[in-house]
Amino acid sequence: MSHTVEILSVGTELLLGNIVNSDAQDLSRELSALGLNVLYHSVVGDNPGRLRAAVELARSRADVLITTGGLGPTCDDLTKQTLAECFGRQLIYHPECAEGIRCFFHRMGKEMTENNLQQAYLPEGCDILDNAWGTAPGCAFEEGGTYVVMLPGPPRECLPMFRERAVPWLSRLSEGVIRSRTLRVFGAGESAVEALLRDRMNQLTNPTLAPYAKEGEVELRITAKADTAEAADALIAPVEADVRAVLGDLVYGADVSGLPQVVLEGARARGLTLGTAESCTGGLVAKRLTDVPGAASAFLGGVVSYHCEVKAGVLGVSQALLEERGAVCAQVAEQMAQGARRVLGCDLAMSVTGVAGPDPDERGNPVGLVYVALAAPDGCWVKELNLASPGARRDRIRILAANHVLDMARRWLAGK
């Protein structure tokens, strides 16, 4: 029997857009690895009537229901009570859970209020999913052919709870293994990539090949289902080879977090150090590099030279050039990169200068005109970019500019 899953996320803050529903994304990936098919994501606010209706709908179209959120101690945490009613179960007090909650507060050095003990009430006959990452235990049970798993909402609790507690409970339902391989593509948009691969995507059934547009780049996900992980990987391998043959060096990595990871790994592999000099991106390139754990092994630092005085005084950009041409030109980008390499003492330096908007600069340079440069031991290269598009936002222009300069470094490190 092939099991189908609905993820029901509970919380008014999700509906209001106050927080991003990362739980559903994380759980979908994990469930796919178990070979369980996620067919629906639902979000419902902290309202018992609407939650009951959402549960009944989920029961009608999926046989595995996973909820996130609503297990806490406050009056709007209603998930357990509502699901217990829907499945005809009483809430039972579990002294061992209460003791675990007390111990958690003691370890944190905080005073426990009595309302926290509400979290020790769980549906009768359930399997308790101990929470080592927070106070609210989860639970799991089967009723009338529906398998129910309740998890806390905070991502720092939800994902480890699922991996360490829910996966062993759900593994009995798993039939086969679903494996995915994600290729990251930069230098062509989603429509262009899809046009190149459309015939292949239409012909494939197992594995499947699907494009996903990301901010300034494209993901291609190859997904296969088989009896074992090894068999699934064997199905994926020839499709990946075919995609790489079509797209060439537009594919910059597989199962990587992004261009910063690839650049840092490339620099480390060659024993080289990195630095940045940024104007319109305001430190975004440096920020993205340092988001990668272990970045300090290759990244030395960056200079945010937003004003011309900093470009000249810190990076050594020619004052005469700045007065004659302004900050947005190829020569300034080149001197910024060379200056960063000199000031920071790094092997490779990336620079960005341009007009992110929302208005043209004081010299009339249009929004989206950006120059990126790479200074290396064997030379310095500059690239002019026109990143404007209908409705182009300031943040998108900055992200694209950062991607382009990182891609320059990636290609140099790969010898391309």
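Each remark here, short or long, concerns the structure printed above.
Residues numbered from 1 in each chain as written. Predicted model: local features only at pLDDT ≥ 70, side-chain atom pairs only at ≥ 80, totals over all residues. Heavy atoms only, no water.

### Some words on unusual backbone geometry
Then, in step 1: With an omega of 10°, the peptide bond running from N206 to P207 counts as cis.
Then, in step 2: Along the chain, P207 falls in the loop between α7 (190-203) and β10 (208-214).
Then, in step 3: A cis amide bond links G357 with the next residue in sequence, P358, at an omega value of 10°.
Then, in step 4: As for its placement among the helices and strands, P358 is situated in the loop between β15 (348-354) and β16 (369-376).
Then, in step 5: One non-glycine residue with positive phi stands out, namely D255, at about 55°.
Then, in step 6: Here D255 is to be found in the loop between β12 (251-254) and α9 (259-269).
Then, in step 7: The class for D255 is partly exposed, based on a relative accessible area of 44%. (Helix = DSSP H or I, 4+ residues; strand = E, 2+ residues; numbered from the N terminus. Buried < 20%, exposed > 50% of the residue type's maximum accessible area, 1.4 Å probe, protein only.)

### Observations regarding the sheet that holds strand β14 (residues 299-304)
Then, in step 1: Strand order across the open sheet formed by five strands is β14-β13-β15-β16-β17, with mixed pairing between neighbours. Across the chains shown, the open sheet's two edge strands, defined by having one partner strand only, are β14 and β17 (379-386). The sheet shows a mean angle of 15° between the axes of neighbouring strands, taken without regard to direction.
Then, in step 2: Pairing between β16 and β17: eight bridges, direction antiparallel. (Pairing = 2+ DSSP bridges. Axes fitted to C-alpha atoms, helices over the stretch in contact; angles between N-to-C directions.)

### Description of the side chain of D23
Then, in step 1: In this structure, D23 sits in helix α2 (residues 22-34).
Then, in step 2: For the buried D23, no salt bridge is present, and the opposite-charge side chain at shortest range is R156, 9.5 Å distant.
Then, in step 3: With sequence-adjacent residues up to four places away left out, D23 is seen in contact with T68, P152, G153, P154, P155 and C158. (Lys, Arg positive; Asp, Glu negative; His and termini not counted. Salt bridge = Lys/Arg side-chain N within 4 Å of Asp/Glu carboxyl O. Contact = heavy atoms within 4.5 Å.)

### Description of the sheet that holds strand β7 (residues 138-143)
Then, in step 1: The sheet built from six strands is open, its strands ordered β2-β1-β3-β8-β7-β6 with mixed pairing. Both outer strands of the open sheet, β2 (37-44) and β6 (127-129), are each paired with one neighbouring strand and no more. Neighbouring strand axes in the sheet, compared pairwise and without regard to direction, differ in orientation by 20° on average.
Then, in step 2: Two strands pair when backbone bridges link them, and strand β1 (residues 4-10) and strand β3 (residues 64-68) are joined in this way by five bridges, in the parallel orientation. By the bridge assignment for β3, S9 is matched with T68.
Then, in step 3: Packing of helix α3 (residues 48-61) onto the sheet brings it into contact with β1, β2, β3 and β8 (146-151), and relative to β1 it is tilted by some 170°.
Then, in step 4: Docked against the sheet, helix α4 (residues 79-86) engages β1, β3 and β8, running at close to 170° with respect to β8.

### Overview of the pairing of β16
A regular strand carries its side chains on alternate faces of the sheet.
Then, in step 1: Of all eight residues making up β16, eight are buried, and the element is well covered by its neighbours.
Then, in step 2: Where burial is concerned, the two faces of β16 agree: the one with L369, Y371, A373 and A375 and the one with V370, V372, L374 and A376 are both buried.
Then, in step 3: Of the pairings in the sheet, the one linking β15 to β16 comprises six bridges and is antiparallel in character. Along β16, the bridge assignment pairs S351 with A373.
Then, in step 4: With antiparallel pairing between neighbouring strands as the criterion, β16 and β17 make up a hairpin whose turn holds two residues.

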